[in-house]
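Coordinate inspection notes
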Amino acid sequence: MTKITHAVIPVAGFGTRMLPLSKSVPKELLPLGNRPAIHYVVEEAIAAGIKHIVLVGHAQKSAIENYFDTNAELDHQLRQKGKDALADSLNWLPEDVTVSMIRQGKALGLGHAVLAARPIIGNHDFAVLLPDVVLDPFTTDSHSDNLAFMIKQFTNDGHSQILVDKVADEDVHKYGIAKLSEGNDTSIKNDNSKVSENVSFKVAGFIEKPSLDKTPSRLAVVGRYVFSNQIFGYLANTTASVGGEIQLTDAIDALISQYGVNVTTMRGDSYDAGDMNSYMQAFIYFAQQQLTDN
Ligand code: G1P
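Residues numbered from 1 in each chain as written. Predicted model: local features only at pLDDT ≥ 70, side-chain atom pairs only at ≥ 80, totals over all residues. Heavy atoms only, no water.

All right, on to the overall build of the protein then. The secondary structure content of the protein amounts to 11 helices and 13 strands. For the protein, the C-alpha radius of gyration of 19 Å lies close to 19 Å, the compact-globule estimate for 294 residues. Considering only C-alpha atoms, the protein reaches an extent of 65 × 40 × 40 Å along its principal axes. In the protein, which comprises 294 residues, the proportion classed as buried is 50%. (Helix = DSSP H or I, 4+ residues; strand = E, 2+ residues; numbered from the N terminus. Rg over C-alpha atoms; globule rule 2.2 N^0.38 Å. Buried < 20%, exposed > 50% of the residue type's maximum accessible area, 1.4 Å probe, protein only.)

Right, let's talk about unusual backbone geometry for a bit. In this structure, the amide linkage connecting leucine 19 to the following residue, proline 20, adopts the cis form with an omega of 5 degrees. Note that proline 20 resides in the loop between β1 (6-10) and β2 (31-32).

The next point concerns the environment of asparagine 198. With respect to the helices and strands, the residue asparagine 198 is situated in the loop between α8 (186-190) and β10 (200-208). Assessed through its relative accessible area of 13%, asparagine 198 is described here as buried. Along the chain, asparagine 198 and glycine 268 lie 70 residues apart, while their C-alpha atoms are 9.7 Å from each other. Look past the residues within four positions of asparagine 198 in its chain and what remains in contact with it is Asp145, Asn146, Phe149, Thr264, Thr265, Met266 and Arg267. One polar contact links asparagine 198 to asparagine 146, side chain to side chain, over a distance of 2.8 Å. There is a polar contact of 2.8 Å between the side chain of asparagine 198 and the backbone oxygen of threonine 265. (Contact = heavy atoms within 4.5 Å. Polar contact = N/O pair within 3.5 Å; in protein donor to acceptor, adjacent residues only side chain to side chain.)

Okay, the nonpolar core next. Counting residues in hydrophobic clusters, the biggest one holds 43 residues, and the most contacted among them are Ile9, Leu32, Ile38, Ile53 and Leu55. When residues in this core are grouped by element, the largest group, seven residues, is from helix α1 (residues 37-47). Excluding anything up to four places from it in sequence, isoleucine 38 contacts Ile9, Val11, Glu28, Leu29, Leu55, Ile64, Phe68 and Pro131. (Core = buried A, V, L, I, M, F, W, Y, C linked by side-chain atoms within 4.5 Å.)

Next up on the list: the pattern of salt bridges. Taken as a whole, this structure holds 11 salt bridges when the rule is applied. Salt-bridge contacts for lysine 27 lead to aspartate 132; the nearest nitrogen and oxygen are separated by 2.9 Å. Taken as a pair, lysine 27 in the loop between β1 and β2 and aspartate 132 in the loop between β6 (126-129) and β7 (133-135) lie far apart in primary sequence, 105 residues in all. For the salt bridge of arginine 218 with aspartate 169, the shortest nitrogen-to-oxygen distance reads 2.6 Å. Taken together, the positions of arginine 218 in the loop between β10 and β11 (219-227) and aspartate 169 in the loop between β8 (160-166) and β9 (176-180) put the pair 49 residues apart, joining distant regions of the chain. (Salt bridge = Lys/Arg side-chain N within 4 Å of Asp/Glu carboxyl O.)

Any pair of aromatic rings gets described here by the distance separating the centres and the angle formed by the planes. Counting across every chain of the model gives 12 aromatic pairs. Ring geometry for tyrosine 40 and phenylalanine 286: centres 4.9 Å apart, planes at 70 degrees, overall edge-to-face. Of this pair, tyrosine 40 sits in helix α1 while phenylalanine 286 sits in helix α11 (residues 276-290); the two residues are 246 residues apart in sequence, bridging distant segments of the chain. For the pair shown, tyrosine 40 and phenylalanine 286 are each scored as buried. Taking 5.8 Å as the distance between ring centres and 70 degrees as the angle between the ring planes, the aromatic pair formed by phenylalanine 138 and tyrosine 285 counts as edge-to-face. Highlighted residues: phenylalanine 138 in the loop between β7 and α7 (143-157) and tyrosine 285 in helix α11, separated in sequence by 147 residues. By relative accessible area, which is 30% here, phenylalanine 138 ends up partly exposed. Connected via pairs of aromatic rings, a cluster forms that spans Tyr40, Phe138, Tyr271, Tyr285 and Phe286. (Phe/Tyr/Trp six-rings, centres within 6.5 Å; stacked < 30°, edge-to-face > 60°.)

So yeah, pure geometry; function would need other evidence.
What follows is the structure in structure tokens.
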């Protein structure tokens, strides 16, 4: 089994739930405390061992690519003024990590966005991180640990891994929801309380954004995946479904029927930076953690 060193971060969404903030600034660059939201997601990937990050975007998202590149003119100006420490802090990306961007072309859905990264990912197995979801970077037991755990599981048994977390009844319709197998622990299946450890088990399938009366469980897809390269073959054959979009969950269901896929329950907390109310709550939490006295 190959080591996971590649990750795809889809950044092509227009962020309609974040208007007017996202009208001229990509939603991924909106601040959470003193960093743009995507900064934490890229840090999480790097801490879990990722070396090549592929952003999938479009023309209005090039500011994200610029954020991860050196601004030579600014660097020069800062150093001329003796602000070397500040200049150094902007070049935080490790030397052995690359961030590149590819364009999605048409906005045909999340599955289509992931498939657009295929020319760069090539034959590698890879992770996917959805940037709307930011895992709490201030607690020791979450941030990169979940992804690192999933990568370790994948490396051990070759099964693609999908991070899930319990959601409240009123939020079920916003997520892909896991259909559990007969053998799955009934407390994980029926209980509404959070599973606070990383537990990995086989999943029977997923339903994208079900209504509460049709939901097969409360375990929602959080937005962290580790895929075997075979997912590309299924994505290439996936047609539009829920919301008229090519859904990643449909390709995952096809992968399940052939090879089996595991879910991993999430440790720690996640924040939704793609929805205005959750974003504002997340901003307050991040700012409170980072506020200093001076
Ligand atoms: C996407 C996925 C969904 C997942 C969610 C997590 O939906 O399709 O399965 O639960 O991200 O944020 P979106 O929020 O892009 O509509």
